[in-house]
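A closer look at the structure
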Amino acid sequence: MRRSAIVVAMLTLATPVWAKAQHASVTFDGLCGGADLTVAHGIVAGKMTGCNPNVATGTVGSVKTFGRALTVNAYSNDAQQWVIYVLQYPLVTGGRMCTFSTPDGHEILNGVCTSYTVHNAAQ
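These notes cover the structure that comes with them. Keep in mind that this is a model prediction, so the values were computed, not measured. (Residues numbered from 1 in each chain as written. Predicted model: local features only at pLDDT ≥ 70, side-chain atom pairs only at ≥ 80, totals over all residues. Heavy atoms only, no water.)

If you tally the helices and strands in the protein chain, you get one helix and eight strands. Listing every helix and strand of the protein chain by position from the N terminus yields α-β-β-β-β-β-β-β-β. For the protein chain, the proportion of its 123 residues judged to be buried stands at 33%. Long-range contacts, defined here as pairs at least 24 residues apart, represent 29% of the contacts in the protein chain between residues at least 6 apart. Only carbon and sulfur atoms are counted for the fraction: they give 59% of the accessible area of the protein chain, which is about 7,600 Å². (Helix = DSSP H or I, 4+ residues; strand = E, 2+ residues; numbered from the N terminus. Buried < 20%, exposed > 50% of the residue type's maximum accessible area, 1.4 Å probe, protein only. Contact = heavy atoms within 4.5 Å. Areas by Shrake-Rupley, 256 points an atom, 1.4 Å probe, with all protein chains shown as cover.)

Here it is as structure tokens:
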């Protein structure tokens, strides 16, 4: 009995965080971009697609004026600045998405708000 409990504990600890992850591809309606995202335990990882292909990282949380949100950060090589994407969460087609950017880490510039479309969502 004890040996089997140890084996179960070891397997549980060895299971990657991403094993129970949510995967989804989203496109930003009316914009040329999107993202392929993996969400697990409040952490977001993925890549931006379309006009700003780059690595994306972020978190899931809550924004007082926005509600439950998934925030993704990615560097825009074209604009030479960080872009912050805030998406309503959970991810559902028609959800609201807003962008913000910062060229220097101090000044925050408003971007655009639009809806997004979810493709290939799997849990």
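Grouped together as the largest cluster of nonpolar side chains are 21 residues, with contacts concentrated most on Val26, Leu70, Tyr85, Leu87 and Leu91. At the level of elements, strand 1 (22-28), strand 2 (33-40), strand 3 (43-50), strand 4 (55-63), strand 5 (67-76), strand 6 (81-88) and strand 8 (109-122) are the ones that each hand at least two residues to this core. Those residues within four positions of Leu87 in sequence are excluded, and the remaining contacts are Val26, Phe28, Phe66, Arg68, Ala69, Leu70, Arg96, Met97 and Tyr116. (Core = buried A, V, L, I, M, F, W, Y, C linked by side-chain atoms within 4.5 Å.)

Looking at chain direction, strand 3 and strand 4 are connected through five bridges and run antiparallel. Within the sheet, the bridge partner assigned to Ala45 lies in strand 4 and is Thr57. Two elements, strand 4 and strand 5, share seven bridges in a ladder whose sense is antiparallel. Opposite Thr57, over in strand 5, you have Asn73 as the bridge partner. Between strand 4 and strand 5, which follow one another and run antiparallel, lie three residues. (Pairing = 2+ DSSP bridges.)

Bringing the state of the cysteines into the picture now. Taken as a whole and assessed by the stated rule, the structure comprises two disulfides. Across the disulfide, Cys98 is cross-linked to Cys113 (sulfur-sulfur distance 2.0 Å). Residues Cys98 and Cys113 are joined through a disulfide that is right-handed, its torsion about the S-S bond being 110°. Taken together, the residues Cys98 in strand 7 (residues 96-102) and Cys113 in strand 8 connect sequence positions 15 residues apart. Take Cys113: its relative accessible area is 44%, and that puts it in the partly exposed class. Numbered in order of appearance, the disulfide-bonded cysteines of the protein chain are paired 1-2, 3-4. (Disulfide = S-S within 2.5 Å.)

Before going further, it helps to spend a moment on the side chain of Ser101. In this structure, Ser101 sits in strand 7. Filtering out sequence-adjacent residues up to four positions away, Ser101 remains in contact with Gln81, Trp82, Val83, Ile84, Glu107, Ile108 and Leu109.

On to the packing of aromatic side chains, then. What the rule picks out here adds up to two aromatic pairs. Look at Phe28 and Tyr85: their rings are 5.3 Å apart centre to centre, the planes differ by 20°, and that puts the pair in the stacked class. With Phe28 in strand 1 and Tyr85 in strand 6, this residue pair connects regions lying 57 residues apart in the sequence. (Phe/Tyr/Trp six-rings, centres within 6.5 Å; stacked < 30°, edge-to-face > 60°.)

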